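Close look at the chain arrangement
Listed below are the residues making up each chain.
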Amino acid sequence: LIIGSNAKAELYNPNTGQFVHAGYTVHDRGGHTATLLRDGRVLIVGGNSSATTAEIYNPTTGFFSLSDTLNRDYIEHTVTLLPDGRVLLAGGSMRGGMNFLKNAAIFDPATNAFSPINSLTHARCSHTATLLPNGQVLIAGGETMTRPGLHYPDLSCELYDPAKGTFTAAANLNYLKYGHTATLL
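All values reported here derive from a predicted model rather than from experimental measurement. (Residues numbered from 1 in each chain as written. Predicted model: local features only at pLDDT ≥ 70, side-chain atom pairs only at ≥ 80, totals over all residues. Heavy atoms only, no water.)

**Focus on the nonpolar core**
Among the nonpolar cores identified, the biggest contains 14 residues, and L43, V45, L89, F107 and F114 are the most heavily contacted of them. Setting aside residues up to four positions removed in sequence, L43 forms contacts with T33, A34, T35, L37, A54, E55, I56, V87, F107 and F114. Among the nonpolar cores identified, the runner-up in size contains 10 residues, and A104, I106, L120 and Y160 belong to it. (Core = buried A, V, L, I, M, F, W, Y, C linked by side-chain atoms within 4.5 Å. Buried < 20%, exposed > 50% of the residue type's maximum accessible area, 1.4 Å probe, protein only. Contact = heavy atoms within 4.5 Å.)

Structure, rendered in structure tokens:
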């Protein structure tokens, strides 16, 4: 499923090697995230022009529908599918990039709703969030802000423990990273 800033969605069929039209998102999006849920639906969160909204794509019906409204803008955030099927939403920036977020929330696919949880140890955007084999989520690097308009790459990392619902500081990276990728080996 490919979703762009023009609200037009496309599906790629690996059997034919072709893209087909998959309908229209409820809102235009860019800088958003899309996460495959365990039931086959796709959770789409935030983005430049729709930063406070989330929607669900149902491949069975081929339709997009609004999900829960978010408590603030989310751009350059991360989402991570947790082992129990819920989704962690962490950090990001607000529209205009002048404020970075410490906010975090959990999306429950059973209710299609977000619930705020404890905050990150500090505000960050353009970071990574990687599910570890023990069920915790490693949040690494990104950008942080010392005062409005002054942001810089970050060495800090933290761990989210879904069993406790808490974020705790972890060892720092050796090198500054933002807008990077992280892959579990």
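**A short note on the pairing of strand β8 (residues 78-81)**
Summarising the sheet, β8 and strand β9 (residues 87-90) pair through 4 bridges and their orientation is antiparallel. Pairing of T80 across the sheet is with L88, part of β9. In sequence, β8 turns back onto β9 through a hairpin of 5 residues, with G85 there showing a positive phi of about 95°. (Pairing = 2+ DSSP bridges. Helix = DSSP H or I, 4+ residues; strand = E, 2+ residues; numbered from the N terminus.)

**Observations regarding a nonpolar patch on the surface**
Among the surface-exposed residues, L1, L11 and V20 lie close enough to one another that they form a single nonpolar patch of about 210 Å² accessible area. Looking at the secondary structure, you find V20 in strand β3 (residues 18-24). Judged by relative accessible area, V20 falls into the partly exposed class, the value being 43%. (Patch = residues over 30% accessible without salt bridge, like charges linked within 9 Å, V, L, I, M, F, W, Y side chains within 5 Å. Areas by Shrake-Rupley, 256 points an atom, 1.4 Å probe, with all protein chains shown as cover. Salt bridge = Lys/Arg side-chain N within 4 Å of Asp/Glu carboxyl O.)

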